[in-house]
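Listed below, chain by chain, are the residues.
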Amino acid sequence: MTGGAPGAQQMTDFLSTHEAAIRLAVFAGVLALMAVLEALLPRRRTGVTRLHRWTTNLALAATGTLLLRLAVPLLATGVALEAERRGFGLFHWTDAPYAVAFVLSLLALDLMVYGQHVLFHKAGILWRLHRVHHADPHVDATTGIRFHPVEILISMGLKMAAVALLGAPVAAVILFEVLLNAAAMFNHSNLKIGERTDRFLRLFIVTPDMHRVHHSVHRDEHDMNFGFSLSLWDRLFGTYRAAPREGHIAMRLGLAEYPSPAPERFGWSLVNPFSGRSAPDEPQRRERTT
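Not measured: the values here are computed from a predicted model. (Residues numbered from 1 in each chain as written. Predicted model: local features only at pLDDT ≥ 70, side-chain atom pairs only at ≥ 80, totals over all residues. Heavy atoms only, no water.)

A closer look at the environment of Ala-101
Argument step 1. Among the structural elements, Ala-101 can be located in helix α6 (residues 98-122).
Argument step 2. In the structure, Ala-101 is positioned 11 residues away from Leu-90 in sequence and 9.2 Å away in space, judged by C-alpha atoms.
Argument step 3. Contacts of Ala-101, omitting those with residues within four sequence positions, involve Met-1, Phe-91 and Pro-169. (Helix = DSSP H or I, 4+ residues; strand = E, 2+ residues; numbered from the N terminus. Contact = heavy atoms within 4.5 Å.)

Let's talk about the packing of helix α7 (residues 124-134) against helix α8 (residues 149-166)
Argument step 1. Between α7 and α8, whose axes approach to 8 Å, the crossing angle comes to 120 degrees. Here α7 lies oblique to α8, going by the angle between them. Here α7 and α8 pass one another in a crossing that is left-handed. Here α7 contributes Leu-126, Leu-129 and His-130 to the contact with α8, which in turn contributes Val-150, Glu-151 and Ile-154. (Axes fitted to C-alpha atoms, helices over the stretch in contact; angles between N-to-C directions. Parallel < 35°, antiparallel > 145°, perpendicular 65-115°, else oblique. Left-handed = near helix turned anticlockwise from the far one by under 90°.)

Observations regarding the pattern of salt bridges
It is possible for side chains bearing opposite charge to pair when their charged atoms get close.
Argument step 1. Scanning the model with the defined rule gives 16 salt bridges in all.
Argument step 2. Taking the shortest distance from any N to any O, the salt bridge between Arg-43 and Asp-209 comes out at 3.1 Å. Placement of Arg-43 in the loop between α2 (19-40) and α3 (51-71) and of Asp-209 in helix α11 (residues 208-212) is noted, with a sequence separation of 166 residues between them.
Argument step 3. For Arg-219, the salt bridge identified is with Asp-223, shortest N-O distance 3.0 Å. An identical accessibility class is assigned to Arg-219 and Asp-223; each is buried. (Salt bridge = Lys/Arg side-chain N within 4 Å of Asp/Glu carboxyl O. Buried < 20%, exposed > 50% of the residue type's maximum accessible area, 1.4 Å probe, protein only.)

Section: the environment of Leu-175
Argument step 1. Residue placement: Leu-175 occurs in helix α9 (residues 170-187).
Argument step 2. A C-alpha to C-alpha distance of 9.2 Å links Leu-175 and Arg-23, two positions 152 residues apart in sequence.
Argument step 3. When residues no more than four places from it in sequence are discounted, the contact partners of Leu-175 are Phe-102 and Leu-106.

A word on unusual backbone geometry
Argument step 1. Omega for the bond connecting Ser-260 with Pro-261 falls within 30 degrees of zero, at 10 degrees, which places this linkage in the cis form.
Argument step 2. Looking at the element boundaries, Pro-261 is found in the loop between α14 (247-250) and α15 (266-271).
Argument step 3. Residues other than glycine seldom take positive phi values, yet Leu-75 does so here, at roughly 55 degrees.
Argument step 4. Mapped onto the elements, Leu-75 comes out in helix α4 (residues 75-86).
Argument step 5. Located in the positive-phi region is Asp-95, a residue other than glycine, with phi close to 55 degrees.

Points about the packing of aromatic side chains
Argument step 1. A complete count under the given rule lists 6 aromatic pairs for this structure.
Argument step 2. Plain terms: the ring middles of Phe-147 and Phe-228 are 6.4 Å apart, the flat faces sit at 35 degrees to each other, and that makes the pair tilted. Of this pair, Phe-147 sits in the loop between α7 and α8 while Phe-228 is found in the loop between α12 (219-222) and α13 (232-236), placing the two residues 81 residues apart along the sequence. Per residue, the accessibility class of Phe-147 equals that of Phe-228, and both read buried.
Argument step 3. Between Tyr-258 and Trp-268 the ring centres are 5.1 Å apart and the planes differ by 75 degrees, which places this aromatic pair in the edge-to-face class. Of this pair, Tyr-258 sits in the loop between α14 and α15 while Trp-268 sits in helix α15, and the two are 10 residues apart along the sequence. A single burial state applies to Tyr-258 and to Trp-268, both of which are buried.
Argument step 4. Among the aromatic residues, those joined into a cluster by ring pairs are Tyr-114, Phe-226 and Phe-237. (Phe/Tyr/Trp six-rings, centres within 6.5 Å; stacked < 30°, edge-to-face > 60°.)

Following this line, the structure appears as structure tokens:
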């Protein structure tokens with residue numbers, strides 16, 4: 001990979017040194033902003049308090065982060081640093097210009113996350129983990145960080161493999177992680193956006209109304225709109241659905257097999273993928289034929 005602008009290495013060094021602080025600051029800032037906007041401009045008025053749900057969703061995210069630090073201390077950024085040091089990965093082998101490698105890495109990693117999301121819906125054992133995310137009956141910004149810790153671990157493993165294969169620039173990997181986290185909280189938020197604004201934004205990015213379809217109780221709807229950041233992939237691969245059949249206000253969210261309040265409990269969320277019930281989502285899968 002050929003060098004970029006004169007400040008590229010300085011930017012990489014700064015981001016690498018302060019990655020944890022940057023990610024935490026952006027996470028806290030976006031979450032606080034979404035919380036305020038959801039309170040001021042709610043898309044759906046649920047009438048439920050957020051304290052219990054938010055505690056569980058934040059605890060799941062914290063547990064996943066702790067598991068990552070204990071099991072995979074290198075993480076995606078560490079893989080990118082090693083790829084740069086050893087000169088392995090596609091962009092290093094082809095000596096691609098830094099700017100090209102940077103932009104293509106962001107696109108490729110976003111496509112990987114889209115593909116991973118589809119896989120977690122199609123493979124039974126992976127769906128068991130991912131259904132913890134979908135079981136949230138009141139989708140808001142914290143749903144964007146509500147993932148089972150084992151799913152977070154598997155997701156990081158796939159991300160690390162993609163970074164190694166690409167030889168992605170360190171700065172691109174850090175920026176991607178920050179943007180992905182912020183985008184997830186934004187597009188899961190219970191935020192009202194004007195129809196015209198939403199229609200324009202979703203030409204490029206995944207909006208809350210676009211992603212909310214993915215959290216419908218109806219299987220044919222929650223097997224659509226898999227994108228997290230860019231809306232391009234759903235349109236390109238035929239998984240785009242503009243709106244839920246019942247409308248955004250009346251639509252039911254979550255999984256019909258797991259009504260509130262069970263999914264709002266931390267213990268339930270941790271053990272659910274390993275419960276003895278082999279196919280609790282089967283009634284929803286049969287919706288396609290009824």
